[in-house]
Amino acid sequence: MNETHIVTIERHIIEEERRRGASGSFSDILTDMAFAAKVISRQVNMAGLVDILGGTGTRNVQGEAVQKLDVFAQDVIYRAMDHGGRLCCMASEEFEEYIPIPDKFPAGDYVLVFDPLDGSSNIDLNVSIGTIFALYRKVSDAERGSLEDCLQPGLQQLAAGYVVYGSSTMMVYSAGRGVHGFTLDPSIGEFILSHPDIRIPDPPVRSYSVNEAYFDRWSPAMQRFMTDLKSGDASWSGGYSARYIGSLVSDFHRTLLQGGLFMYPADGKSPKGKLRLVYEANPLAFIAEQAGGAAIDGVQRILERTPEGLHERTPLFIGSSTLVEAVGSYLGSEG
Ligand code: P6P
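Just so it is clear, the structure is predicted and the values come from calculations on it, not from any experiment.

A. Up close: the overall build of the protein. In terms of regular secondary structure, the protein is built from eight helices and 17 strands. For 335 residues, the compact-globule estimate of 2.2 N^0.38 gives 20 Å, and the C-alpha radius of gyration of the protein, at 19 Å, lies within 12% of that figure. C-alpha extents for the protein along the principal axes are approximately 60 × 50 × 45 Å. Here the protein, with 335 residues, has 55% of them falling under the buried criterion. Put simply, of all contacts in the protein between residues at least 6 apart along the chain, 64% involve residues at least 24 apart. Roughly 13,800 Å² of accessible area belongs to the protein as shown, and the carbon and sulfur atoms make up 50% of that amount. Taken together, the 29 basic and 43 acidic charged side chains of the protein have centroids lying 2 Å from each other.

As structure tokens, this is what we get:
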């Protein structure tokens, strides 16, 4: 590669800022997230070597066993963000309440919501895991933010992104002008632009992603959709292979690059679905739409939902528009 063609994520963020005429604060937050991702990546890749595997014996607000890497990732992101004077508050999967910027640091006008390490139950199995984040502008008058600032509709997101810690570490983000992917070169410690202007293929590579073990718990309409998806009777059906990693960021990343449909439906055990609206579904829906795809909860556009709680769960159907529309035509009829 010609050296002059190397575009680091920092350079890309600054160039995006100039195109948008945005304030430096916005760019600095994205740059700080890239730094946090590098630190987390190093620890994730060493997890098998350092005594950091296994749970800490504690449980998070979801009642899930907390893995030590979860705690580490939360701490790295928090410490990267708490002192810069750009955020008024944060919200994380790992904290029941929203997190105001401490009084000892200046507060800013932006809000960061994030899942520090999604799929952490896969850590000990060496399955790819990820970080998910999104950025909003503060809407309340509170200097150090409020719950209201963290419960905005996904349409208000200024930027969103994720990091997938896989065979390589990639950071994918959008600031409202397309989706761009960067691969970490650990030898120089830089995220290098590797996937400019990502578009979700439509028609997709024919794969769908869902945990079919729950088929019997799904609604009749969802069961009909799955049967028809595999039948081949409609233009969008037939000839599919199933791909399910069980790690949201990895399953979404494949769907973003190859097209297809990722689904986590509501079911008898999780009547509102399992995935979280604020810091999982909304950021990925923002990215999917920026890449020409779509994301619904089965009835409505994910980004139009107004969250009622920080840890609110939602069904999620996300990927190639043709397939999202198809599943919506079955589930929307449920009323
Ligand atoms: P299931 C991981 O625990 C996670 O939260 C997501 O990363 C993933 O998409 C989902 O749960 C997998 O859930 O019920 O299929 O094991």
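B. Structural detail: the domain arrangement of the protein. Examined at the domain level, the protein breaks down into domain 1 (3-195) and domain 2 (207-332). Put simply, the middle of domain 1 and the middle of domain 2, counted by C-alpha atoms, are 23 Å apart. With 48 residues of domain 1 at the contact, the number on the domain 2 side is 32 residues. With both sides pooled, the region where domain 1 packs onto domain 2 buries about 2,800 Å², and carbon together with sulfur makes up 64% of that total. Ranking the residues of domain 1 by area buried against domain 2 places I132, L151 and Y162 at the top, with a combined share of 21%. Linking domain 1 with domain 2 are one salt bridge. The salt bridge partner of E93 is R276, with a shortest N-O separation of 3.1 Å. Inspection of the region where domain 1 meets domain 2 yields 12 residue pairs in polar contact (both at pLDDT 80 or more). Elements with a contribution of two residues or more to the side of domain 1 that touches domain 2: β3 (87-92), β5 (110-118), β6 (129-137), α4 (147-150), β7 (159-165) and β8 (169-174). Here the element with the most residues in the side of domain 1 that touches domain 2 is β6; it accounts for seven residues.

C. Geometry of the packing of helix α2 (residues 24-46) against helix α3 (residues 68-81). The contact between α2 and α3 brings their axes to 9 Å, and the two run at 155°. Regarding the angle of α2 to α3, the classification is roughly antiparallel. The crossing of α2 and α3 is right-handed. Contacts between α2 and α3 involve I29, D32, M33, A36, V39, I40, Q43 and V44 on the former and, on the latter, L69, F72, A73, V76, I77, A80 and M81. Its residues placed into classes, the contact of α2 with α3 shows 13 nonpolar, one polar and one charged.

D. The arrangement of the site of the ligand in detail. Lining the immediate surroundings of the ligand are D118, G119, S121, N211, Y214, Y244, G246, S247, L248, Y264 and K274. Interatomic distance of 2.5 Å between a side-chain N/O atom of D118 and an oxygen atom of the ligand. Here K274 contributes a side-chain N or O atom positioned 2.9 Å from an oxygen atom of the ligand. Relative to its unbound accessible area of 400 Å², the ligand is 85% covered by the protein chains. Here the shell around the ligand spans two domains, and each of domain 1 (3-195) and domain 2 (207-332) adds at least three residues to it.

E. Region of interest: the packing of helix α6 (residues 248-258) against helix α7 (residues 277-290). The interhelical angle for the contact between α6 and α7, taken along N-to-C directions, is 15°, at an axis separation of 11 Å. Classified by the interaxial angle, the pair formed by α6 and α7 is roughly parallel. At the point where α6 passes α7, the crossing takes the right-handed sense. Taken together, the residues of α7 that come into contact with α6 (itself represented by L248, F252 and L256) are E280, L284, I287 and A288. Looking at the contact of α6 with α7, its residues break down into six nonpolar, no polar and one charged.

F. Seen up close, the environment of V278. Along the chain, V278 falls in helix α7. Sequence-wise, V278 and G154 are 124 residues apart; in three dimensions their C-alpha atoms are separated by 7.7 Å. Those residues in contact with V278, other than ones at most four positions away along the chain, are V113, C150, L151, P283, P307, G309 and L310.

G. Structural view of the sheet that holds strand β13 (residues 261-264). Taken together, five strands build an open sheet; the order of strands is β12-β11-β13-β17-β15 and the sheet is mixed. Strand pairing shows two members of the sheet lacking a second neighbour, β12 (241-242) and β15 (294-296), which therefore form its edges. With three bridges joining them, β15 and strand β17 (residues 316-319) adopt antiparallel strand pairing. When the sheet's bridge partners are listed, A295 is paired in β17 with I318. Sitting on the sheet, α7 is in contact with β15 and β17, with an inclination near 30° to β17.

Scoring rules and cut-offs
Residues numbered from 1 in each chain as written. Predicted model: local features only at pLDDT ≥ 70, side-chain atom pairs only at ≥ 80, totals over all residues. Heavy atoms only, no water. Helix = DSSP H or I, 4+ residues; strand = E, 2+ residues; numbered from the N terminus. Rg over C-alpha atoms; globule rule 2.2 N^0.38 Å. Buried < 20%, exposed > 50% of the residue type's maximum accessible area, 1.4 Å probe, protein only. Contact = heavy atoms within 4.5 Å. Areas by Shrake-Rupley, 256 points an atom, 1.4 Å probe, with all protein chains shown as cover. Lys, Arg positive; Asp, Glu negative; His and termini not counted. Charge placed at Lys NZ, Arg CZ, Asp CG, Glu CD. Domains from an automatic or database assignment. Buried area = accessible area lost by both parts, 1.4 Å probe. Salt bridge = Lys/Arg side-chain N within 4 Å of Asp/Glu carboxyl O. Polar contact = N/O pair within 3.5 Å; in protein donor to acceptor, adjacent residues only side chain to side chain. Axes fitted to C-alpha atoms, helices over the stretch in contact; angles between N-to-C directions. Parallel < 35°, antiparallel > 145°, perpendicular 65-115°, else oblique. Left-handed = near helix turned anticlockwise from the far one by under 90°. Nonpolar A, V, L, I, M, F, W, Y, C, P; charged D, E, K, R; others polar. Near = heavy atom within 4 Å. Pairing = 2+ DSSP bridges.

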